[in-house]
Amino acid sequence: MATSLSRSQDELRPQLGRNLTYGLLDRLGRAIVTGQYETQPFPTEAELTKQHGVSRSVTREAVKMLTAKGLLSARPRQGTVVEPTSSWNLFDTDVLRWLLERQFSVDLLKQFNQLRVAIEPEAAALAARFADEDDMTVIAEGLARMVAAEKGLDDTLEADIAFHVSILRASGNPFYAQFRDVVGTALRTSIRFTNRVKGRTANVGDHGRVLDAIKARDPDAARIAMRALISDVLELIDTYEPSAS
């Protein structure tokens, strides 16, 4: 019994270490993105270890991960410093999440949707050409979830994201598929914004036209239908007035 308990504790320690590392990563990442270190130097590893009550190895790993994301760098005679926003990896889902949660920004939302309009219509066109039956089924399931969500039987946000991500995967292009996490993360803010401003969920009929075009193996129609979806969001952003919301 004692041996079994000891083994269980040994198995928990690596997981606990990972949780502490990601917890510190999240706290430091948010602090950097919200500008807490704009007027003060970034703490040393020893200071961070003491401030957050974690081990030196946890601190070192969290700093290493933030460095890989482009938020920090080690410079001779300067120690660890915060990098300018232009150096941050905006395709990293943690960085994107911290940016989107930092403070609502119409400009950031617009820039994200400008990226979407350059990616998702072409992904839809590729899906119309290369999606197999399994892909079609997953896209249809995403749309079915959106229909169910309108009746209160599913989550509107998750259903909408599932639909868009399924098309990226159905493109058959691994580079487009790699955008699934970025799109899924940023869509959470975009969809919440459009739902709040419009006072309703996404238009299921518009999404249905994308699916219909993909099923019909019509790349041009799929591209146009998806572009129309995102262009509608961009138009909404352009006419958005915070004082009126």
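Think of each chain on its own: its residues are numbered from 1, step by step along the sequence as written. Local features in this predicted model are restricted to residues whose pLDDT is 70 or higher, and side-chain atom pairs enter the listing and the counts only when it is 80 or higher, whereas totals over whole chains, interfaces and linings include all residues. Where side-chain values are given, they derive from all heavy atoms of the structure, hydrogens and water being excluded.

A. Highlighting the overall build of the protein. Scanning the protein from terminus to terminus reveals eleven helices and two strands. We count a stretch as a helix when DSSP gives it H or I for four or more residues in a row; a strand needs E for two or more, and each element gets its number in order from the N terminus. Put simply, the protein runs from its N terminus to its C terminus through helices and strands in the order α-α-α-β-β-α-α-α-α-α-α-α-α. Residue contacts follow a heavy-atom distance rule, with two residues in contact if any of their heavy atoms lie within 4.5 Å. Taking all contacts inside the protein whose residues are at least 6 apart in sequence as the whole, residues at least 24 apart take part in 70%. Residue exposure ignores everything except the shown protein chains as possible cover, and the areas themselves are Shrake-Rupley values with a 1.4 Å probe. Put simply, the protein shows about 13600 Å² of open surface, and 51% of that area lies on carbon and sulfur atoms.

B. Representation of the nonpolar core. To form a nonpolar core, buried Ala, Val, Leu, Ile, Met, Phe, Trp, Tyr and Cys residues must be joined to one another through side-chain atoms within 4.5 Å. Relative accessibility under 20% of the residue-type maximum defines a buried residue, over 50% an exposed one, and the middle range a partly exposed one, all with a 1.4 Å probe and only protein chains included. Membership of the largest hydrophobic core comes to 35 residues, with the highest contact counts inside it found for Ile139, Met146, Phe163, Ile167, Val210, Ile214 and Met226. When residues of this core are traced back to their parent elements, those giving at least two are helix H5 (106–130), helix H6 (133–150), helix H7 (156–170), helix H9 (180–198), helix H10 (204–215) and helix H11 (219–238). Residue contributions to this core peak at eight residues, all from H7. Discounting chain neighbours no more than four positions away, the residues touching Phe163 are Ile139, Gly142, Leu143, Met146, His207, Val210 and Leu211. Formed by 21 residues, the second largest nonpolar core is a distinct cluster that contains Ile32, Leu48, Val54 and Trp98.

C. Local environment of the packing of H5 against H11. Where H5 contacts H11, the two axes come as close as 7 Å, and the packing angle between them is 170°. In this view, H5 runs roughly antiparallel relative to H11, as classed from their interaxial angle. Classifying every residue of the contact of H5 with H11 by side-chain character gives 14 nonpolar, three polar and eight charged. Axis angles are defined between N-to-C directions and span 0 to 180 degrees, where every axis is a line fitted to C-alpha atoms and, for a helix, only to the segment in contact. By definition in this entry, angles of less than 35 degrees are roughly parallel, angles greater than 145 are roughly antiparallel, angles of 65 to 115 are roughly perpendicular, and the rest are oblique. Residue polarity is assigned by list, with Asp, Glu, Lys and Arg as charged and Ala, Val, Leu, Ile, Met, Phe, Trp, Tyr, Cys and Pro as nonpolar; anything else, Gly included, falls into the polar class.

D. Expanded view of the packing of aromatic side chains. For Phe, Tyr and Trp, where Trp contributes only its six-membered ring, two rings pair if their centres lie within 6.5 Å, and the inter-plane angle classes them as stacked under 30 degrees, edge-to-face over 60, or tilted in between. Using the criterion set out here, one finds two aromatic pairs in the structure. Ring geometry for Tyr37 and Phe42: centres 5.0 Å apart, planes at 65°, overall edge-to-face. As far as the burial class goes, Tyr37 and Phe42 line up, both buried. Here Phe91 and Phe179 contribute two aromatic rings whose centre-to-centre distance is 5.7 Å and whose plane-to-plane angle is 75°, an arrangement assigned as edge-to-face. With Phe91 in the loop between strand E2 (79–82) and helix H4 (93–102) and Phe179 in the loop between helix H8 (174–177) and H9, this pair connects stretches of sequence that are 88 residues apart.

E. Spatial organisation of the pattern of salt bridges. Salt bridges are defined as contacts in which a side-chain nitrogen from Lys or Arg sits within 4 Å of a carboxyl oxygen from Asp or Glu. Evaluated as defined, the whole model comprises 16 salt bridges. Across the pair Lys110 and Asp238 runs a salt bridge, and its minimum N-O distance is 2.9 Å. Highlighted residues: Lys110 in helix H5 and Asp238 in helix H11, separated in sequence by 128 residues.

F. H7, seen in detail. Relative to the 21 Å expected for 15 residues at 1.5 Å per residue, H7 spans 21 Å between its end C-alpha atoms, a close match to the ideal helical length. Within H7, eleven of the 15 residues are buried, which leaves it mostly tucked inside the rest of the structure. Turning to H7, its buried residues number three or more, namely Leu157, Ala159, Asp160, Ile161, Phe163, His164, Val165, Ser166, Ile167, Leu168 and Ala170. The N-cap residue of H7 is Asp155: its side-chain oxygen and the backbone nitrogen of Leu157 are 3.0 Å apart. In the stretch just after H7, Gly172 is the one whose phi turns positive, near 80°. An expected span of 1.5 Å times one less than the residue number is assigned to each helix. Identification of polar contacts relies on pairs of N or O atoms within 3.5 Å, with a donor-acceptor requirement for protein atoms, meaning one able to donate a hydrogen and the other able to accept it, and with residues adjacent in sequence counted only if both atoms are side-chain atoms.

G. Focus on the layout of surface pockets. Computed over the protein atoms alone on a 1 Å grid, cavities are sets of points where a 1.4 Å probe fits but cannot get out and pockets are open sets with protein on both sides within 12 Å along at least five of seven lines; a residue lines them when it has an atom within 4 Å of a point. Grid points are joined across faces, edges and corners, and a volume is the space filled by probe spheres set on the points. In this model, the largest pocket occupies a volume close to 210 Å³. As for the largest pocket, its lining consists of Leu90, Phe91, Leu96, Leu99, Leu100, Leu108, Gln111, Phe112, Leu115 and Val182. Of all elements in the fold, only H4 and H5 reach the threshold of two or more residues within the lining of the largest pocket. Element by element, the count of residues in the lining of the largest pocket is highest for H5, at four residues. Here the lining of the largest pocket is composed, by residue class, of nine nonpolar, one polar and no charged. The calculated volume of the second largest pocket comes to roughly 160 Å³. The wall of the second largest pocket is formed by ten residues, among which Leu100, Glu101, Arg188, Thr189 and Arg192 lie closest to the centre. Going through the elements one at a time, H4 and H9 are the ones with two or more residues in the lining of the second largest pocket. No other element matches H9, which puts six residues into the lining of the second largest pocket. Taken together, the residues of the lining of the second largest pocket sort by class into three nonpolar, two polar and five charged.

H. Up close: the packing of H5 against H7. Between H5 and H7, the shortest axis-to-axis distance is 7 Å and the interhelical angle comes to 60°. Taken together, the axes of H5 and H7 lie oblique to each other. In the packing of H5 onto H7, the handedness of the crossing is left-handed. For the pair H5 and H7, the contacting residues are Arg116, Ile119, Glu120, Ala123, Ala124, Ala127 and Phe130 in the first and His164, Ile167, Leu168 and Ala170 in the second. Residue composition of the contact of H5 with H7, by class: eight nonpolar, one polar and two charged. When the near helix sits turned anticlockwise from the far one by under a right angle, the crossing is termed left-handed; a clockwise turn instead gives a right-handed crossing.

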